[in-house]
Amino acid sequence: MIDPVSAVALATSAYNAIKKGIEMGRELEDMGGQLGTWFGAVADVKKAEEESKNPPLFRKVLFTNSVEKEALQNLLHKKKIQQQERELRELIVYRFGVDTYKEMMRVRQQIRDTRARIAEIRARKLKNLMLNTVIIMLALMIITIPIFLILIIIDRL
């Protein structure tokens, strides 16, 4: 994830490219890369906003921006993204129709849901791997400690 300021700049750059492409009559498929870049940057901005609500410890210690400054930045980023999204929706609907926009949003939601499920599965697998590792380590300790004690007793006899 990149910082919110860079993400907004990237989103704005992609937005301008999409807007110019639509105005020049390019097909939506031709602008898939820019749309992907814009949606990715928007996701980064939203993730940064969520992270600012509950920042990691190192960020609390190292970055001591005022709460008001961070809140204002988040609000301005959010408003800018909302404005871009509204204008892109209008451009796409005007140029390609409501059905195209709805289909694009439906596919976007499907992809988001799929990625969320994949992330959940990965997290569950990692948790299971860690749990299994702990169980194996404990089992090895339970087996080796008595053997080690028996060897010490035998050695002293």
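Refer to the structure presented above.
Since the model is a prediction, treat every value here as computed from it, not as a measurement. (Residues numbered from 1 in each chain as written. Predicted model: local features only at pLDDT ≥ 70, side-chain atom pairs only at ≥ 80, totals over all residues. Heavy atoms only, no water.)

### So, helix 2 (residues 32–53)
Here's step 1: When the terminal C-alpha atoms of helix 2 are compared, their 32 Å separation across 22 residues agrees well with the 32 Å that a helix rising 1.5 Å per residue should span.
Here's step 2: If you check which residues of helix 2 are buried, you get Leu35, Trp38, Phe39, Ala41, Val42, Val45, Ala48, Glu49 and Ser52. (Helix = DSSP H or I, 4+ residues; strand = E, 2+ residues; numbered from the N terminus. Expected span 1.5 Å × (residues − 1). Buried < 20%, exposed > 50% of the residue type's maximum accessible area, 1.4 Å probe, protein only.)

### Describing the side chain of histidine 77
Here's step 1: Residue position: histidine 77 is located in helix 4 (residues 67–96).
Here's step 2: Apart from residues no more than four positions distant in its own chain, histidine 77 is found in contact with Pro4, Val5, Val8 and Val45. (Contact = heavy atoms within 4.5 Å.)

### With respect to the pattern of salt bridges
Here's step 1: Using the criterion set out here, one finds four salt bridges in the structure.
Here's step 2: Across the pair glutamate 85 and arginine 108 runs a salt bridge, and its minimum N-O distance is 3.3 Å. One end of the pair, glutamate 85, is in helix 4; the other, arginine 108, is in helix 5 (residues 98–156), with 23 residues separating them in the sequence.
Here's step 3: Across the pair arginine 106 and glutamate 103 runs a salt bridge whose closest N-O atoms are separated by 2.4 Å. Placement of both arginine 106 and glutamate 103 in helix 5 is noted, with a separation of three residues, approximately one turn of the helix. (Salt bridge = Lys/Arg side-chain N within 4 Å of Asp/Glu carboxyl O.)

### Some thoughts on the nonpolar core
Here's step 1: In terms of nonpolar packing, the biggest core is built from 23 residues, with Ile18, Ile22, Leu28, Trp38, Ile92 and Met104 touching the most fellow members.
Here's step 2: Taken together, the elements giving at least two residues each to this core come down to helix 1 (4–23), helix 2, helix 4 and helix 5.
Here's step 3: Ranked by residue count, the leading element in this core is helix 1, at seven residues.
Here's step 4: Residues within four places of isoleucine 18 in sequence aside, it is in contact with Met31, Gln34, Leu35, Trp38 and Leu88. (Core = buried A, V, L, I, M, F, W, Y, C linked by side-chain atoms within 4.5 Å.)

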